[in-house]
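Given next are the chains, with one letter for each unit.
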Amino acid sequence: VPHDDWVSSVCGLTAGGILTGSYDGIARLWTGIGVAAGSFKAHQGRVTAVATLPQQQGARLVLTGGQDGAARLFRLTEEAAAA
């Protein structure tokens, strides 16, 4: 499932996947072969930056920055990332 607008930021994951952020306000996780593995609404406006931190207690930590002036930290479990 591609983003509905421009992809504005990309971050490689240590496990081989990719995290993208888009002007559609969505952050999306991809497998190493380009299959969408999960997505979530990150901002009301454009996502302008994405990053990840090392996993903690079985959850992936994802940071996003947006045109709405907010920086957000998301804690994604494997189940949430696959939704």
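Note: the structure precedes this text.
Just so you know, these numbers come straight off a predicted model, no measurement behind them.

*Asks:* Could you give an account of the side chain of Asp24, naming the residues involved and the relevant values?
*Replies:* Looking at where Asp24 falls in the secondary structure, it is placed in the loop between β2 (18–22) and β3 (26–30). Within the buried set, Asp24 has no salt-bridge partner at all; the shortest N-O distance to an opposite charge, 5.1 Å, is to Arg28. Separated by 3.3 Å, the side chains of Asp24 and His3 make a polar contact.

*Asks:* Give me the lowdown on the sheet that holds β2, citing residues and values where you can.
*Replies:* Here 4 strands make up an open sheet; going across it, the order is β1-β2-β3-β4 and the pairing antiparallel. For this open sheet the edge positions go to β1 (7–12) and β4 (36–41), each flanked by a neighbour on one side alone. Put simply, the sheet's adjacent strands are angled 20° from each other on average, direction ignored. Bridge analysis of β3 against β4 gives 5 bridges, and the strand direction is antiparallel.

*Asks:* Quick rundown of the pattern of salt bridges? Include the residues and the values.
*Replies:* Evaluation of the coordinates by the stated rule reveals 1 salt bridge. Here Arg72 ties to Asp68 by a salt bridge, and the two come within 3.3 Å at their closest N and O atoms.

*Asks:* Would you mind going over the side chain of Thr64 in detail, with residue names and values included?
*Replies:* Note that Thr64 resides in strand β6 (residues 59–66). A relative accessible area of 4% means that Thr64 is categorised as buried. Within the structure, the side chain of Thr64 is placed 2.8 Å from the side chain of His43, a separation counted as a polar contact. Dropping the residues within four chain positions of it, Thr64 is found in contact with Ala27, Ala42, His43, Val47, Ala49, Val50, Ala70, Ala71, Arg72 and Phe74.

*Asks:* Can you explain the packing of aromatic side chains? Please cite residues and give values.
*Replies:* According to the stated counting rule, one finds 2 aromatic pairs in the structure shown. Each ring, one from Trp6 and one from Tyr23, has its centre 5.6 Å from the other, and the planes form 25°; the classification is stacked. With Trp6 in the segment before β1 and Tyr23 in the loop between β2 and β3, this residue pair connects regions lying 17 residues apart in the sequence. Trp6 sits in the exposed class, given a relative accessible area of 62%. Summarising the aromatic geometry, the rings of Phe40 and Phe74 are spaced 4.6 Å apart at their centres and angled 50° between planes, so their arrangement reads as tilted. Note that Phe40 is positioned in strand β4 and Phe74 in strand β7 (residues 71–77), a separation of 34 residues in sequence. Here Phe40 falls in the buried class, since its relative accessible area comes to 14%.

What counts, and at which threshold
Residues numbered from 1 in each chain as written. Predicted model: local features only at pLDDT ≥ 70, side-chain atom pairs only at ≥ 80, totals over all residues. Heavy atoms only, no water. Helix = DSSP H or I, 4+ residues; strand = E, 2+ residues; numbered from the N terminus. Buried < 20%, exposed > 50% of the residue type's maximum accessible area, 1.4 Å probe, protein only. Lys, Arg positive; Asp, Glu negative; His and termini not counted. Salt bridge = Lys/Arg side-chain N within 4 Å of Asp/Glu carboxyl O. Polar contact = N/O pair within 3.5 Å; in protein donor to acceptor, adjacent residues only side chain to side chain. Pairing = 2+ DSSP bridges. Axes fitted to C-alpha atoms, helices over the stretch in contact; angles between N-to-C directions. Contact = heavy atoms within 4.5 Å. Phe/Tyr/Trp six-rings, centres within 6.5 Å; stacked < 30°, edge-to-face > 60°.

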